[in-house]
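Spelled out, the chains give:
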Amino acid sequence: MHFSRLRLTGFKSFVDPTDLVIAEGLTGIVGPNGCGKSNLLEAMRWVMGENRPSTMRGAGMEDVIFAGAASRPARHFAEVTLHIDNSRRLAPAGFNDSDTLEVVRRITRDAGSAYKVNAREVRARDVQMLFADASTGAHSPALVSQGQISELIRARPKARRRLLEEAAGISGLYQRRHEAELKLNAAEANLARTDDLIDQLA
Ligand code: ATP
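Residues numbered from 1 in each chain as written. Predicted model: local features only at pLDDT ≥ 70, side-chain atom pairs only at ≥ 80, totals over all residues.

Caption draft 1: Representation of the overall build of the protein in the model. Each helix and strand in the protein was counted, giving five helices and six strands. Secondary structure elements of the protein, listed N to C terminal, follow the sequence β-β-α-β-β-β-β-α-α-α-α. For the protein, with 202 residues in total, the buried portion stands at 26%. Across the protein, every contact between residues at least 6 apart in sequence was considered, and the portion connecting residues at least 24 apart equals 54%. (Helix = DSSP H or I, 4+ residues; strand = E, 2+ residues; numbered from the N terminus. Buried ≥ 20, exposed ≤ 12 C-beta atoms within 10 Å, placed from the backbone. Contact = placed C-beta atoms within 7 Å.)

Laid out in structure tokens, this is it:
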């Protein structure tokens, strides 16, 4: 899957609709301090399902909505769209029936986030799994922020292992294992309850 375009509207400093065309290969974002380089990277993480406001450098998720400036009022919503070229049909099953994927996340004040893939409403988990199964996502090592290289050099082995797991595309399996464990625990509790009832009847 190749990310071909990122569109931001009302996201942080990008108040007006802004398109970033992403060419194949490595993309570097350069510019003066405060021009919005990190905001662009955060928009990419956000549309892939990031749910921790601290990763977005905010106290709450609504902090990603344009907060207003001297000459412009604050916005009521923020929206980020990621276009993915899927002509080589590398998208995971369930999302692999078209040449392009358009993933949209929109947050509205007091109403939270909503996600769509090719105009169809989906859950946050569906979007997170879509990217995890494609070996990418909000925590992908392919998104390199300022200072991250020196952090990686200083990182402990456990943190480095997580990066390798993200790159190998197996991080989605942790979420699935966690969900399977929850179901197993619920089934065990049901079984214990059934045993109690059988004992009472005997
Ligand atoms: P540096 O090189 O200094 O790290 P940068 O190019 O990465 O800077 P960002 O940190 O992406 O810049 O952008 C910072 C700008 O975004 C600041 O001017 C800040 O006021 C603005 N900004 C952040 N959140 C919002 C928001 N919710 N509404 C409006 N502007 C915002």
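Caption draft 2: Inspection of the site of the ligand at higher detail. In the vicinity of the ligand, 15 residues are found, and the nearest of them are N33, K37, S38, N39 and A67. Taken together, the residues of the shell around the ligand break down into four nonpolar, eight polar and three charged. (Near = placed C-beta within 6 Å. Nonpolar A, V, L, I, M, F, W, Y, C, P; charged D, E, K, R; others polar.)

Caption draft 3: Main features of the sheet that holds strand β3 (residues 77-85). The sheet built from six strands is open, its strands ordered β2-β1-β3-β4-β5-β6 with antiparallel pairing. If you trace the sheet from one side to the other, it starts and ends with β2 (18-21) and β6 (120-122), each paired once. Within this sheet the neighbouring strands show an average axis-to-axis angle of 20°, counted without direction. Across nine bridges, the pairing between β3 and strand β4 (residues 100-108) is antiparallel. Paired with E79 across the bridge in β4 is R106. Packed onto the sheet, helix α1 (residues 37-47) meets β1 (2-9), β2, β3 and β4 and runs at close to 80° relative to β3. On top of the sheet, helix α2 (residues 124-133) reaches β4, β5 (112-117) and β6; it is set at about 55° to β5, its chief contact. (Pairing = 2+ DSSP bridges. Axes fitted to C-alpha atoms, helices over the stretch in contact; angles between N-to-C directions.)

Caption draft 4: Region of interest: α1. All buried positions along α1 are accounted for by N39, L40, E42, A43, M44, W46 and V47. Contacts from the buried residues of α1 go to β1, β2, β3 and β4.

Caption draft 5: Spotlight on the environment of G112. Locating G112 in the fold gives a position in strand β5. Separated by 50 residues in the primary sequence, G112 and E62 place their C-alpha atoms 7.8 Å from one another.

Caption draft 6: Focus on unusual backbone geometry. The backbone phi angle of N118 is positive, close to 45°, even though this residue is not glycine. Tracing the chain through its elements places N118 in the loop between β5 and β6. Backbone geometry places A119, a non-glycine residue, at a positive phi of 70°. Along the chain, the position of A119 falls in the loop between β5 and β6. Classification of A119 by C-beta neighbours within 10 Å gives exposed; the count is 7.

Caption draft 7: A look at the pairing of β4. Pairing geometry for β4 and β5, over six bridges, is antiparallel. Pairing of I107 across the sheet is with S113, part of β5. Joining the antiparallel neighbours β4 and β5 is a turn of three residues, in which D110 adopts a positive phi near 65°.

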